[in-house]
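Structure assessment
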Amino acid sequence: AARRVLLLGEGNFSFAASLCGAAGTRVVATCYESQEEVRGRRLAAESVRRLRQGGAEVVFSVDCTKLKDYFLPEEREFDCIYFNFPHCGRKAGVVKNRELLARFFQSSAEVLTEEGEIHVALCKGQGGTPADQPRREWHNSWQIVAVAARAGFILSNVHPFKAETLCGYKCTGYRSQDKSFCIEGALNHVFTRSTPLLYFKPTICKIELESRKVSFQVPQVLVDKINRGFLELNSNHPVQTVKEKLTAELSQAFPLEDVDCSLSLLHQGHLNDICHSRIFWIIPSPEETPSTEEMSNGVANAVSFSHVDFCRDTAKICCVNVQEGCHDSNQYYLRPSLLPCAQAIVQREAFVLGTVHVLSGPVFRKCLISPYSMPVFHEVVFVCAVNRDMENSCIQMLVNSIKTSIHSLYQNVSGFKLSISLQEATSFETTELRDFVAFESHLSKIQYFICTETDTSGSCEKGSCVGIIRTELVSSELVAVFASLNLDLIAMLICGISDWRMLWTSDTRFLRQFPRGELRLFKSFSLYPPSYVHDVSFWVPDGEPFDEVAF
């Protein structure tokens with residue numbers, strides 16, 4: 001089908017005429033004035049004639065704030081809307097023009113396709129974004145990103161308005177007259193729809209635990225992050241691609257074996273030296289058949305994990321009240337690491353010496369939320385058992401393969417070099433950015449940290465840690481070497497993603513940037529979002545401990 005383009009506020013229709021005739025495009029050109037008013041303008045009559053000869057539709061007296069009134073319901077699906085140099089007319093100030101834009105965006109939302117674009121051209125400085133040079137003070141600009149956000153639109157691109165590339169285009173309309181105005185430094189702002197804020201129902205997870213089918217309520221912060229399938233074989237998610245590239249490099253130095261056994265989502269037992277507020281504690285309940293009323297009302301979503309052959313459409317919610325500090329050895333918790341699974345695998349009789357076994361999956365831990373610190377991430381663990389006299393060479397081969405892979409991926413994607421170092425645990429200063437490392441050190445003894453250091457202002461902080469190396473005696477003659485990597489941080493570093501939450505977005509514009517098996521620099525589709533800073537004050541009763549993570 002032809003791409004339908006709506007043009008608003010055309011003065012002399014020369015812009016519309018320059019677009020008319022493009023292959024696969026159907027143009028609907030409009031202006032605010034009546035046909036009689038437009039006839040007296042230079043170029044207008046000729047442009048209208050060209051438009052109609054080219055099969056375009058020309059409509060007069062169109063109010064951009066009431067667009068659905070001019071088109072039948074079946075004609076309201078436009079793929080692109082252009083509004084060049086909007087203005088209330090005469091000497092209207094910024095406040096009136098802001099309101100015009102706000103009402104225009106609200107109206108456009110009713111006639112634009114879901115994946116359509118809105119193009120708004122503004123004179124130099126009017127938009128109020130960092131792209132304007134010089135940039136006006138916020139209160140003296142049209143605040144275009146903020147007013148568009150009120151209608152559910154985000155700024156996805158901004159580039160110079162190049163009038164010289166438009167054949168026959170002449171800008172007119174200075175103070176509502178047939179006079180030209182200066183468009184040097186003008187910018188074209190491209191808006192797309194933002195994804196609506198999703199409401200997630202309470203979610204029930206169902207697994208097989210010790211030969212019993214049980215269910216538990218997923219912590220609210222993890223509801224949209226359970227069972228996303230990012231590491232499935234057919235996934236084009238960057239974390240899966242990073243894992244594939246890493247394992248491909250390792251296969252050049254070691255025989256590899258993917259561990260396909262069930263990795264339990266829940267762990268049990270007492271955790272020494274770990275603050276209980278850092279763990280997602282769970283009380284599983286025996287699986288029960290939901291009542292007819294619950295099924296009809298859709299009380300909760302139900303999620304089944306691929307490592308168990310068990311699936312139902314809904315489940316009964318079991319309210320769980322767990323108080324911090326009251327956990328015993330029989331309590332269950334969401335796995336905070338895959339290292340205990342890797343340690344268990346090493347003890348298996350079928351474990352093959354010299355072969356690197358690969359485990360991967362999401363892990364969960366409460367933390368102080370920041371752009372690089374996350375309550376859930378994808379971990380990959382490489383484990384290899386060798387004779388004790390081969391320990392150092394095994395560590396070096398593992399690290400070299402990991403360094404070569406990450407360095408090559410980073411340079412191919414960004415064009416810059418990346419320094420990767422192996423630091424001894426005793427010399428490493430843990431920061432909030434490396435929160436997962438500090439947590440990991442409680443679970444097992446760490447020998448080394450794998451750290452990155454970019455020579456440009458990359459997406460991750462300078463000196464960020466993406467993994468650890470540790471060893472463990474299996475017997476008097478054998479030692480196991482473990483390498484644990486945070487796939488999310490590595491993907492962010494390579495692809496230039498500045499916030500871990502983007503990895504978990506359901507917006508299709510994210511994954512479309514990453515074809516299967518390819519890593520590319522991420523291009524943000526929401527530029528210069530409005531930022532609002534609020535303070536909160538609160539009091540903690542005397543004698544009560546304050547846990548910042550829990551808060």
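Each remark here, short or long, concerns the structure printed above.
Residues numbered from 1 in each chain as written. Predicted model: local features only at pLDDT ≥ 70, side-chain atom pairs only at ≥ 80, totals over all residues. Heavy atoms only, no water.

**Quick notes on the overall build of the chain**
Convention followed: The helix count covers DSSP runs of H or I at least four residues long, the strand count covers runs of E at least two residues long, and both are numbered beginning at the N terminus. Relative accessibility decides the category of a residue: with a 1.4 Å probe and only protein chains considered, values under 20% of the type maximum give buried, values over 50% give exposed, and everything between is partly exposed. All accessible-area figures derive from a Shrake-Rupley calculation using a 1.4 Å probe, and residue coverage is judged against the displayed protein chains alone.
Helix and strand counts for the chain stand at 12 helices and 21 strands. Here the chain holds 551 residues, and the buried ones make up 49% of them. On the chain, roughly 27,400 Å² of surface is accessible, and the fraction owed to carbon and sulfur atoms is 49%.

**A short note on the pairing of strand β20 (residues 465-473)**
Going by this rule: The criterion for strand pairing is that DSSP finds at least two bridges linking the strands in question.
Of all 9 residues in β20, 7 are buried; the element is thus mostly enclosed. Between β20 and strand β21 (residues 478-486), which pair antiparallel one after the other, the connecting turn spans 4 residues.

**Here's the deal with the sheet that holds strand β11 (residues 266-268)**
Ordered in space as β11-β15-β12, the 3 strands form an open sheet in which the pairing is antiparallel. This sheet does not close on itself; its edge strands, each paired only once, are β11 and β12 (281-282). By the bridge criterion, 3 bridges tie β11 to strand β15 (residues 332-334) in an arrangement that is antiparallel. Directly across from Leu 266, in β15, lies its bridge partner Leu 334.

**Brief notes about the pairing of strand β1 (residues 3-8)**
With respect to burial, β1 is a largely interior element, 5 of its 6 residues being buried. Pairing of β1 with strand β2 (residues 25-30), which is carried by 5 bridges, proceeds in the parallel orientation. Paired with Arg 4 across the bridge in β2 is Arg 26. Summarising the sheet, β1 and strand β4 (residues 78-84) pair through 4 bridges and their orientation is parallel. Its bridge partner being in β4, Leu 7 is matched across the sheet by Tyr 82.

**Quick word on the side chain of Ser 373**
Spelled out, the test is: Definition of a polar contact: a pair of N or O atoms within 3.5 Å, with one able to donate and the other able to accept a hydrogen when the atoms are protein atoms, and with sequence-neighbouring residues admitted only if both atoms are side-chain atoms.
Structurally, the position occupied by Ser 373 is in the loop between β16 (356-364) and β17 (376-387). Of note is the side chain of Ser 373, whose polar atom sits 3.1 Å from the backbone oxygen of Leu 368.

**Focus: the packing of aromatic side chains**
This is how it is decided: Classification of ring pairs uses Phe, Tyr and Trp, with its six-membered ring standing for Trp, and accepts pairs whose centres are within 6.5 Å; under 30 degrees between planes counts as stacked, over 60 as edge-to-face, and the remaining range as tilted. Definition used: whenever NZ (Lys) or CZ (Arg) falls within 6 Å of the ring centre and also within 35 degrees of the ring normal, the charge is taken to sit over that ring.
Scanning the model with the defined rule gives 17 aromatic pairs in all. An aromatic cluster is built from Phe 15, Tyr 82, Phe 85, Phe 161 and Tyr 169, whose rings are joined through pairwise contacts. Here the guanidinium or amino end of Arg 4 rests over the ring plane of Phe 78, the centre of that ring lying 4.2 Å away.

Distances and angles like these do not, on their own, reveal function.
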